[in-house]
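# Structural description and commentary
Here's the letter readout for the chains.
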Amino acid sequence: MKTHNYPLRVQDEVWNDLKRIQELDKRSANSLINEGVRMVIADKLQKISQQRKYRNSLEGMTA
């Protein structure tokens, strides 16, 4: 599996929350961050899809 190294700046409050979750979940910070990124991507793709459907519906009504 290829990986991409990216220097990351995280606010202290967010990092402290991540460390607390890490203690409870027993997973690496990297694993939790990757899961979060996947969740953001899925959410954004769903919103984009909904916007396209809405736009197509409006265009269909006025055409």
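Up top you'll find the structure we're talking about.
Summary of the structure given here. All of these numbers come straight from a predicted model, not from anything done at the bench. (Residues numbered from 1 in each chain as written. Predicted model: local features only at pLDDT ≥ 70, side-chain atom pairs only at ≥ 80, totals over all residues. Heavy atoms only, no water.)

## Points about the pattern of salt bridges
Within this structure, the stated rule accounts for four salt bridges. One salt bridge connects E35 with R27, and the closest N-O pair in it is separated by 2.6 Å. Under the relative-accessibility criterion, R27 is labelled partly exposed at 26%. Here D43 makes a salt bridge to K47, at a shortest N to O gap of 3.4 Å. (Salt bridge = Lys/Arg side-chain N within 4 Å of Asp/Glu carboxyl O. Buried < 20%, exposed > 50% of the residue type's maximum accessible area, 1.4 Å probe, protein only.)

## Concerning the environment of T3
Here T3 shows up in the segment before α1 (12–25). Taking the relative accessible area as the measure of exposure, T3 reaches 63% and is therefore exposed. Sequence separation between T3 and R52 is 49 residues; the distance between their C-alpha atoms is 32 Å. (Helix = DSSP H or I, 4+ residues; strand = E, 2+ residues; numbered from the N terminus.)

## Describing the layout of surface pockets
If you add up the space inside the largest pocket, you get close to 330 Å³. As for the largest pocket, its lining consists of M1, K2, T3, H4, N5, Y6, L8, N30, I33, N34 and V37. Among the residues forming the lining of the largest pocket, the class breakdown is five nonpolar, five polar and one charged. (1 Å grid on protein atoms, 1.4 Å probe; cavity = no way out; pocket = protein on both sides within 12 Å on 5 of 7 lines; lining within 4 Å. Points joined across faces, edges and corners; volume = space filled by probe spheres on them. Nonpolar A, V, L, I, M, F, W, Y, C, P; charged D, E, K, R; others polar.)

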